[in-house]
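Listed below are the residues making up each chain.
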Amino acid sequence: MAESDSSGGVPRRLPPFTALRAFECAARRLSFQKAADELGVTPTAISHQVRLLENVLGQPLFVRHVRRVALTAAGKSLFPVLRDGFDSFAAAIAHLRPLHSRPRVVLSATRLFTARRLVPALGAFAAAHPGIDLHLHASDSVVDLLAGDADIAVRYGDGPFAGLVAERLVPERVGVLASPTLGVRQHADLFHVPLLHSDWTGPMEAPDWASWARQAGLSGLPVTTGVRLTDDSHALQAAIAGHGAVVSSLVLAAPEIRSRLLVNPFGPVIEGGHYHIVATGKTILRAEVSQVRDWLRTLRCRDDLD
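As a starting point, this report considers the structure included with it. Fair warning: this is a prediction, and the values are worked out from it, not measured in the lab. (Residues numbered from 1 in each chain as written. Predicted model: local features only at pLDDT ≥ 70, side-chain atom pairs only at ≥ 80, totals over all residues. Heavy atoms only, no water.)

### What about the overall build of the protein?
Quick reminder of the rule: Secondary structure is summarised from DSSP: a helix means a run of H or I of at least four residues, a strand means a run of E of at least two, and numbering begins at the N terminus for each. Exposure categories follow from relative accessible area, calculated using a 1.4 Å probe and restricted to protein chains: below 20% of the type maximum is buried, above 50% is exposed, and the middle band is partly exposed. Whether two residues are in contact is decided by their heavy atoms, any of which lying within 4.5 Å being enough.
Helices and strands together make up the secondary structure of the protein, namely 10 helices and 12 strands. Once the C-alpha set of the protein is aligned to its principal axes, its extents read approximately 80 × 45 × 35 Å. Put simply, the protein has 306 residues, and 42% of those count as buried. Here the contacts in the protein between residues at least 6 apart in sequence split such that 73% fall between residues at least 24 apart.

Quick look at the structure:
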């Protein structure tokens, strides 16, 4: 892309801004996945933009390893220039913003927790806190709160959460869920209905049919057959539609259980770890972050999270 300078001379010949931004973020993170999470796109999109920039420049900017990337000599030369430039953009924009702009809080949680618990409660938050801009960051990758990737998060597990203040929100419970229209009332019925599977991508051990069947002492159940979905929310939606039974979170499906869209017809119920509210000790002292934490606590008190 070409841009004319302020003197009306020879136009600047610059690569696309999106490619420069993707490279700067990936170089700062040394990770396409983390860059994708920060910019709200997919790792494939980051890779595409970086390739575009490499093609424009005619040389590689990253050495790509299996689970990480490293900067080439050209990448190391370009990165500090772009980093300083984006820092200057941010400083100039912050200076131009109104002094009394609305406070903004970035809340991170897994995709399933965000979809099932946070999004339905957004109206209540907006009504109670009209002066706060709440940004939901849904990702199954753990964000770095110490680096400022988010202000506060809901995380699953019993810790320790190094460098963070943690507070238990709600314990996880996992069991069989199905639409009442399927007529699943006893273990034997599972042999006659489709089994739904989710390619779990969260931080906890996968709640799947194999682990549930072991605890149930139910041998012979075809735990590897059935419909497989890549998204946990889609697996629950398929169960609601009557397409099969699924092993999933009873906590996150509680509204559908209460309304009888789904039933948990029998045990065992697998007790899991806890969801926690986490933040840095400094960030949690900000009034707006503290108010988001208090709102999260109200989710714990609702009867559909008991």
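### Things to note about a nonpolar patch on the surface
This is how the line gets drawn: Candidates for patches are residues over 30% relative accessible area with no salt bridge; among them, like charges are joined within 9 Å and nonpolar side chains (Val, Leu, Ile, Met, Phe, Trp, Tyr) within 5 Å. For the accessible areas, the method is Shrake-Rupley and the probe is 1.4 Å, while residue cover comes only from the protein chains on display. Any Lys or Arg side-chain nitrogen located within 4 Å of an Asp or Glu carboxyl oxygen qualifies as a salt bridge.
There is a patch of nonpolar side chains on the surface, built from Phe17, Phe89 and Ile93 and spanning about 300 Å² of accessible area. For Phe89, the position within the fold is in helix H4 (residues 73–96).

### Things to note about the side chain of Ser248
Tracing the backbone shows Ser248 in strand E11 (residues 245–249). Each residue touching Ser248, except ones within four places of it in the same chain, is listed here: Arg173, Val174, Gly175, Leu177 and Leu236.

### Topic: the packing of helix H2 (residues 32–39) against helix H3 (residues 43–57)
Worth spelling out the cut-off: Helix axes use the C-alpha atoms of the stretch in contact, all axes being lines fitted to C-alpha atoms, and the angles between their N-to-C directions lie in the range 0 to 180 degrees. For classification purposes, angles smaller than 35 degrees are called roughly parallel, those larger than 145 roughly antiparallel, those between 65 and 115 roughly perpendicular, and all remaining angles oblique. When residues are grouped by polarity, Ala, Val, Leu, Ile, Met, Phe, Trp, Tyr, Cys and Pro land in nonpolar, Asp, Glu, Lys and Arg in charged, and all others, Gly among them, in polar.
Between H2 and H3, the shortest axis-to-axis distance is 8 Å and the interhelical angle comes to 105 degrees. By the angle between their directions, the pair H2 and H3 is classed as roughly perpendicular. Residues Phe32, Gln33, Ala35, Ala36 and Leu39 of H2 pack against Pro43, Ile46, Ser47 and Val50 of H3. Its residues placed into classes, the contact of H2 with H3 shows seven nonpolar, two polar and no charged.

### Focus: the environment of Gly242
Following the sequence through the fold, Gly242 ends up in the loop between helix H8 (232–240) and E11. For the pair Gly242 and Leu296, spaced 54 residues apart in the sequence, the C-alpha separation amounts to 32 Å. Sequence-distant contacts of Gly242, that is, excluding residues within four places in its chain, are made with Ser179, Thr181 and Leu182.

### Section: the pattern of salt bridges
Counted under the stated rule, the structure contains 14 salt bridges. Between Arg29 and Asp149 there is a salt bridge whose closest N-O contact spans 2.4 Å. With Arg29 in helix H1 (residues 17–29) and Asp149 in the loop between strand E6 (133–138) and strand E7 (152–156), this pair connects stretches of sequence that are 120 residues apart. On the accessibility criterion, Asp149 (24% relative accessible area) is partly exposed.

### Things to note about the packing of H1 against H3
This is how it is decided: In this scheme the crossing of two helices becomes right-handed for a clockwise turn of the near helix relative to the far one and left-handed for an anticlockwise turn of less than a right angle.
H3 packs onto H1 with a crossing angle of 110 degrees between their chain directions and a minimal axis gap of 8 Å. On the basis of their axis angle, the class for H1 and H3 is roughly perpendicular. Like other packed secondary-structure pairs, H1 and H3 cross with a definite hand, here left-handed. Contacts from Thr18, Ala19, Leu20, Ala22, Phe23 and Ala26 of H1 reach H3 at Ile46, Gln49, Val50, Leu52 and Leu53. In the contact of H1 with H3, the residues fall into nine nonpolar, two polar and no charged.

### Structural notes on the packing of aromatic side chains
Formally: Between 30 and 60 degrees the pair is tilted, below 30 it is stacked and above 60 it is edge-to-face, where a pair is any two Phe, Tyr or Trp rings, Trp via its six-membered ring, whose centres lie within 6.5 Å. Charge-over-ring contacts are defined here by two conditions on Lys NZ or Arg CZ: a distance within 6 Å of the ring centre and an angle within 35 degrees of the ring normal.
The final tally for this structure, using the stated rule, is nine aromatic pairs. Aromatic ring contacts, followed pair by pair, group Phe17, Phe86 and Phe89 into a single cluster. Residue placement shows Arg83 over the ring face of Phe79; its charged tip is 5.3 Å from the ring centre.

### Some remarks on the nonpolar core
The test is simple: We call a set of buried residues a nonpolar core when its members are Ala, Val, Leu, Ile, Met, Phe, Trp, Tyr or Cys and they connect through side-chain atoms within 4.5 Å of each other.
Ranked by internal contacts, the top residues of the largest apolar core, which has 37 residues, are Leu107, Ile152, Val292, Trp295 and Leu296. Where this core is concerned, the elements lending two or more residues are strand E5 (104–109), helix H5 (111–118), E7, strand E8 (165–177), H8, strand E12 (270–279) and helix H10 (287–301). Considering each element in turn, this core owes the most residues, five residues, to H10. Grouped together as the second largest cluster of nonpolar side chains are 21 residues, Ala19, Phe23, Ile46 and Leu61 included.

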